[in-house]
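Overview (structure and organization)
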Amino acid sequence: MTQIYFSEARHADDILRLALGAAQLPTDDLGGPDQMFFSLSDDEGLIGFIGLEGNGPDRLLRSLVVLPTRRGKGYGRMLVERLEGVADGAVERLHLLTSGTGEFFRRLGYADADRDAAPAFIAATAQFTSLCGPRATYLVKDLG
């Protein structure tokens, strides 16, 4: 069985930026002080990335990307579950915006939410204010 590695993606800025750009995900706000990115890999190499933004009880799940050659094998779910595991205890709710239907995240327990009810920190992120646009689906999951 192949070993799976989930770790903080330190010094992976160029690869992360390329992977997000190829998936048409925002990169303009990368490098913020409250951002943390994680990578998933195995013995064959990189699988994908996921990010967490913020430092309070409400944080933004952002930038989930699985490399095209690794899609369709459950790695997206694995990235989300591993991030939730890292966040558990320190984070009460994860928020996210997606330009898709959101069905993937709904299957993982995220629920549709009213953008006007978003906590101030979440509503002030670049993802929320400009990068994802007003048509993006806003979802929240309570980790408590």
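Residues numbered from 1 in each chain as written. Predicted model: local features only at pLDDT ≥ 70, side-chain atom pairs only at ≥ 80, totals over all residues. Heavy atoms only, no water.

A word on the pairing of strand 3 (residues 45-53)
Using the following cut-off: Note on exposure labels: buried denotes an accessible area under 20% of the residue type's maximum, exposed denotes more than 50%, and partly exposed covers the range between, all computed with a 1.4 Å probe on protein chains only. Only DSSP runs of H or I reaching four residues or more are called helices, and only runs of E reaching two or more are called strands; each is numbered from the N terminus. Strands pair, by our definition, only if DSSP identifies at least two bridges between them.
Buried residues dominate strand 3, accounting for seven of its nine residues. Taken together, the eight bridges between strand 2 (residues 35-42) and strand 3 define a ladder with antiparallel strand orientation. Opposite S41, over in strand 3, you have L46 as the bridge partner. Remark: two residues form the turn of the hairpin made by strand 2 and strand 3, two consecutive strands paired antiparallel. In this sheet, strand 4 (residues 58-66) lies alongside strand 3 in antiparallel orientation, the contact comprising five bridges. Each residue of the ladder has a partner; that of E53, found in strand 4, is L60. Once strand 3 ends, the chain turns through four residues before running back antiparallel as strand 4, passing G54 with a positive phi of about 120°.

Observations concerning the packing of aromatic side chains
Which entries qualify depends on this criterion: Centre distance within 6.5 Å is the pairing criterion for rings of Phe, Tyr and Trp, where only the six-membered ring of Trp is used; planes under 30 degrees apart are then read as stacked, over 60 as edge-to-face, and the remainder as tilted. Distance and angle both matter: a charge sits over a ring if NZ of Lys or CZ of Arg is within 6 Å of the ring centre and within 35 degrees of the ring normal.
Taken as a whole and judged by the stated rule, the model has four aromatic pairs. On the basis of an interplanar angle of 80° and a centroid distance of 5.8 Å, the ring pair of F105 and Y110 is categorised as edge-to-face. Note on accessibility: F105 and Y110 belong to one class, buried. Pairwise contacts between aromatic rings join F104, F105 and Y110 into one cluster. Cation over ring: R115 sits above F128, and NZ or CZ is 4.6 Å from the ring centre.

Some details on the confidence of the model for the chain
Detailed reading of the predicted model is not advised wherever pLDDT is low. Here is the rule: On a scale of 0 to 100, pLDDT captures the predictor's confidence in every residue.
Residues at a pLDDT of 70 or more form 100% of the chain, whose mean pLDDT is 93. The secondary-structure element of the chain with the lowest mean pLDDT is helix 5 (residues 126-131), recorded at 90, while strand 6 (residues 111-112) shows the highest, at 98.

Structural notes on helix 2 (residues 75-87)
Formally: In a helix, the anticipated span is given by 1.5 Å times the number of residues less one.
With 13 residues, helix 2 should cover 18 Å at 1.5 Å per step; its first-to-last C-alpha distance of 18 Å lies within 8% of that length. Of the residues flanking the end of helix 2, it is G89, one or two places downstream, whose phi is positive at about 100°.

Observations concerning the environment of R77
Stated formally: Every residue pair with non-hydrogen atoms within 4.5 Å of one another is taken to be in contact.
Relative to the assigned elements, R77 resides in helix 2. R77 gets classed as partly exposed once you look at its relative accessible area, which sits at 37%. Expressed as a C-alpha distance, the spacing of R77 and F105, which sit 28 residues apart in the sequence, is 8.7 Å. Not counting residues up to four positions away in its chain, the partners in contact with R77 are F104, R107 and L108.

Concerning the layout of surface pockets
The condition is simple: We place a 1 Å grid over just the protein atoms. Points where a 1.4 Å probe fits but has no way out form a cavity, open points with protein on both sides within 12 Å along at least 5 of 7 lines form a pocket, and any residue with an atom within 4 Å of a point lines it. Grid points are joined across faces, edges and corners, and a volume is the space filled by probe spheres set on the points. Residues are sorted three ways: Asp, Glu, Lys and Arg are charged, Ala, Val, Leu, Ile, Met, Phe, Trp, Tyr, Cys and Pro are nonpolar, and all the rest, Gly among them, are polar.
Taken as a whole, the largest pocket spans an internal volume of roughly 670 Å³. Forming the boundary of the largest pocket are 30 residues, of which L25, L64, V65, T98 and F105 lie nearest the centre. For the lining of the largest pocket, the secondary-structure elements that each account for two or more residues are strand 4, helix 2, strand 5 (93-98), helix 3 (103-107) and helix 5. Its residues assigned to classes, the lining of the largest pocket shows 14 nonpolar, eleven polar and five charged. In this structure, the second largest pocket occupies an estimated 230 Å³ of space. Lining of the second largest pocket is provided by 13 residues; of these, A9, D13, G31, Q35 and F37 occupy positions nearest its centre. A class-by-class count of the residues in the lining of the second largest pocket yields five nonpolar, four polar and four charged.

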